[in-house]
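Chain residues, written in single-letter form:
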Amino acid sequence: MGSILKKRIYLSPPHMSGMEKEFIARAFDENWVAPLGPNVDAFEQELANYVKTKAAVALSSGTAAIHLALRLLNVGRGDSVFCSTLTFVASANPILYQGAKPVFIDSEPESWNMSKEALKKAFLDAKKKNKLPKAVIVVNLYGQSADMDEILNICSEFYVPVIEDAAESLGATYKGRASGTLGKFGIYSFNGNKIITTSGGGMLVSDDEEAIARARFLAAQARDRALHYQHSKMGYNYRMSNILAGIGRAQLRVLEDRINARRTVFNRYVEAFSDVEGFEFMPEAHYGRATRWLTALTVDENLCGISAADIINALADENIEARPVWKPMHAQPLFEECDYYPHQEDFSVSDYLFKKGLCLPSGSNLTKEDQNRVIECIKNLVAKVKS
Ligand SMILES: *Cc1c(COP(=O)(O)O)cnc(C)c1O
């Protein structure tokens, strides 16, 4: 009750720094209210510098970036692409755009990201059938890198390139390197719920400058070099607007603050629930820094008497937004016919995480008071079943 009166707490809302307006105002003053422009060029350069990659192209979404990466790798009809199963549907949809077929790979318990065991098994099967994938899409979940060295080793054994879906992991590191820069291509998202946002947008990065130039060409309707409008390739309208790139430039300047704030939110939850049996937070793997984009945990009903769904419902009653962990792609009706490789023959990690997992409000602008509301609500629920 009282949910009408209580302020809404969101899972991961935008967090503006104040500088965004200056970039937007300048674009208006100069009348750069168009796709492309100086903010787009600068945003690409600044992001490339931040993650230390040779080239970057700003796009209308992270989904568009994945699509272009697949196109650049010549993924087409009849091909297959391996993809992490525990992710948002945007990781896998572009495989369908290209007329190819996804094969889904389970998570490992250590990082919740792609299982090396499952990946190896999928490769050995594919090799046997003489049907190796054209690409592997590795998702870096909830702000944490997958174990990229191990994954890249396996993929290079079969000469298959890797696309890193780092939509959720901008700012995370892997052995000191930026998440999203370890594969052939990396993609970032600036959707409204991500760690920094342009309200909507994405970026494709690579050390292959020629490939990024080709992506830039395809993203602007593949217009040939000619005075008239001439086209010999099919392109897309995927470029970012100069206004939105201005928002991105301001956001990038506070990215480190945003990471620290999200990690602080995570640590407060861990501390608050340290005495609750059955709560297990997503581990931070030894090889890098996670941004804790979302605080994710699993809830063991046998130990604490409540389920993840009970918590989500109780929070909803208090006008607080919490969500289950992503429903794995191999369990989606859309991908019913696709092959799936679990971590172990008799243990699917992603299904377990989906069944038991939830994500708590994790915004970098979540106040201590608001976080206490979340914590109190959950503690009350735990106490109620204990008594
Ligand atoms: C948000 C997200 C995307 C898609 O990004 P958009 O910019 O919304 O298109 C892709 N993959 C993952 C894992 C995401 O979380």
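Below is a short write-up of the structure.

1. Thoughts on the packing of helix 11 (residues 308-317) against helix 13 (residues 368-386)
Now for step 1: Running from amino to carboxyl end, helix 11 crosses helix 13 at an angle of 125°, the nearest separation of the two axes being 10 Å. Accordingly, the angle class assigned to the pair helix 11 and helix 13 is oblique. As helix 11 packs across helix 13, the resulting crossing turns out to be right-handed. Residue-level contacts link Asp-310, Ile-311, Ala-314 and Leu-315 of helix 11 to Val-374, Cys-377, Ile-378 and Leu-381 of helix 13.
Now for step 2: Per-class residue counts for the contact of helix 11 with helix 13 are seven nonpolar, no polar and one charged.

2. A closer look at the sheet that holds strand 14 (residues 357-360)
What links the strands of a sheet is backbone hydrogen bonding, and the strands pair in either a parallel or an antiparallel sense.
Now for step 1: Pairing is antiparallel across the open sheet formed by four strands, whose spatial order is 10-11-14-12. If you trace the sheet from one side to the other, it starts and ends with strand 10 (279-281) and strand 12 (323-324), each paired once.
Now for step 2: The pairing of strand 10 with strand 11 (residues 295-299) spans three bridges and is classified as antiparallel. Considered in strand 11, the bridge of Glu-280 is made with Thr-298.

3. Side note on the nonpolar core
Now for step 1: Core analysis: the largest hydrophobic core is formed by 36 residues, its most contacted members being Leu-68, Leu-70, Ile-163 and Leu-204.
Now for step 2: Of all the secondary structure elements, the ones that give two or more residues to this core are strand 1 (55-59), helix 3 (62-72), strand 2 (80-84), strand 4 (135-139), strand 8 (185-189) and helix 7 (209-219).
Now for step 3: A domain split of this core shows at least three residues from each of domain 1 (3-9 + 255-386) and domain 2 (20-252).
Now for step 4: Excluding residues within four positions of it along the chain, Leu-70 makes contact with Val-75, Val-81, Pro-94, Ile-95, Gln-98, Ala-135, Ile-137 and Ile-163.
Now for step 5: The next biggest cluster of nonpolar side chains, apart from the first, holds 35 residues, and it includes Leu-11, Ala-48, Ile-259 and Ala-296.

4. Quick look at the packing of aromatic side chains
For any pair of aromatic rings, the description consists of the separation of the ring centres together with the inter-plane angle of the planes.
Now for step 1: In this structure the tally under the stated criterion is 13 aromatic pairs.
Now for step 2: Ring centres 5.0 Å apart and planes at 65° place the aromatic pair Phe-104 and Phe-335 in the edge-to-face group. With a gap of 231 residues between them, Phe-104 in strand 3 (residues 101-105) and Phe-335 in the loop between strand 12 and strand 13 (340-341) connect regions that are remote in the sequence. Exposure class is identical for Phe-104 and Phe-335. Each is buried.
Now for step 3: An angle of 15° between the planes, with centres 6.4 Å apart, marks the rings of Tyr-142 and Trp-326 as stacked.

5. Section: the pattern of salt bridges
Now for step 1: Within the structure shown, the criterion is met by 15 salt bridges.
Now for step 2: The partner of Asp-208 in a salt bridge is Lys-184, and the shortest N-O contact between them spans 2.7 Å. Of the two residues, Asp-208 is situated in the loop between strand 9 (202-206) and helix 7 and Lys-184 in the loop between strand 7 (177-178) and strand 8; the sequence distance between them amounts to 24 residues.
Now for step 3: Looking at Asp-208, the relative accessible area reads 26%, which means it is partly exposed.
Now for step 4: Note on Lys-184: relative accessible area 33%, which makes it partly exposed.
Now for step 5: Within the structure, one salt-bridge network assembled from shared partners comprises Glu-44, Arg-216 and Arg-239.

6. A closer look at the site of the ligand
Now for step 1: The ligand sits among 15 residues. The nearest are Thr-63, Asp-165, Glu-168, Ser-189 and Lys-194.
Now for step 2: Here Asp-165 contributes a side-chain N or O atom positioned 2.7 Å from a nitrogen atom of the ligand.
Now for step 3: Separating an oxygen atom of the ligand from a side-chain N or O atom of Glu-168 is a distance of 2.6 Å.
Now for step 4: Protein coverage of the free-state accessible area of the ligand, which is 380 Å², stands at 93%.
Now for step 5: Grouping the constituent residues of the shell around the ligand by class yields four nonpolar, eight polar and three charged.

7. Quick look at helix 9 (residues 255-272)
Now for step 1: Here helix 9 is 18 residues long and its end C-alpha atoms lie 26 Å apart, about the 26 Å a rise of 1.5 Å per residue gives.
Now for step 2: Every buried residue belonging to helix 9 is among Leu-255, Arg-258, Ile-259, Arg-262, Val-265, Phe-266, Tyr-269 and Ala-272, and all of these are buried. What you see down the axis of helix 9 is that its buried residues fit within an arc of 165°, all on one side.
Now for step 3: In this structure, the buried residues of helix 9 make contact with helix 2 (38-51), helix 8 (242-252), strand 10, strand 11, strand 14 and helix 13.

8. What about helix 12 (residues 349-356)?
An α-helical turn contains 3.6 residues, so any two residues separated by three or four positions project in the same direction.
Now for step 1: Considered for burial, the residues of helix 12 that qualify are Val-349, Ser-350, Leu-353 and Lys-356. Looking straight down helix 12, one finds that the buried residues subtend no more than 145° of arc, so they occupy a single side.
Now for step 2: Of the surrounding secondary structure, the elements contacted by the buried residues of helix 12 are strand 11, helix 11, strand 13 and strand 14.

9. Digging into the packing of helix 1 (residues 20-29) against helix 8
Now for step 1: Their axes nearest at 8 Å, the elements helix 1 and helix 8 cross at an angle of 150°. Compared by their axis directions, helix 1 and helix 8 come out roughly antiparallel. For the crossing formed where helix 1 meets helix 8, the hand is right-handed. Between helix 1 and helix 8, the contacting residues are Glu-20, Phe-23, Ile-24, Ala-27 and Phe-28 on the first element and Asn-242, Ile-243, Gly-246, Ile-247, Arg-249, Ala-250 and Gln-251 on the second.

Calculation rules
Residues numbered from 1 in each chain as written. Predicted model: local features only at pLDDT ≥ 70, side-chain atom pairs only at ≥ 80, totals over all residues. Heavy atoms only, no water. Axes fitted to C-alpha atoms, helices over the stretch in contact; angles between N-to-C directions. Helix = DSSP H or I, 4+ residues; strand = E, 2+ residues; numbered from the N terminus. Parallel < 35°, antiparallel > 145°, perpendicular 65-115°, else oblique. Left-handed = near helix turned anticlockwise from the far one by under 90°. Contact = heavy atoms within 4.5 Å. Nonpolar A, V, L, I, M, F, W, Y, C, P; charged D, E, K, R; others polar. Pairing = 2+ DSSP bridges. Core = buried A, V, L, I, M, F, W, Y, C linked by side-chain atoms within 4.5 Å. Buried < 20%, exposed > 50% of the residue type's maximum accessible area, 1.4 Å probe, protein only. Domains from an automatic or database assignment. Phe/Tyr/Trp six-rings, centres within 6.5 Å; stacked < 30°, edge-to-face > 60°. Salt bridge = Lys/Arg side-chain N within 4 Å of Asp/Glu carboxyl O. Near = heavy atom within 4 Å. Polar contact = N/O pair within 3.5 Å; in protein donor to acceptor, adjacent residues only side chain to side chain. Areas by Shrake-Rupley, 256 points an atom, 1.4 Å probe, with all protein chains shown as cover. Expected span 1.5 Å × (residues − 1). Arc of directions from axis to C-beta.

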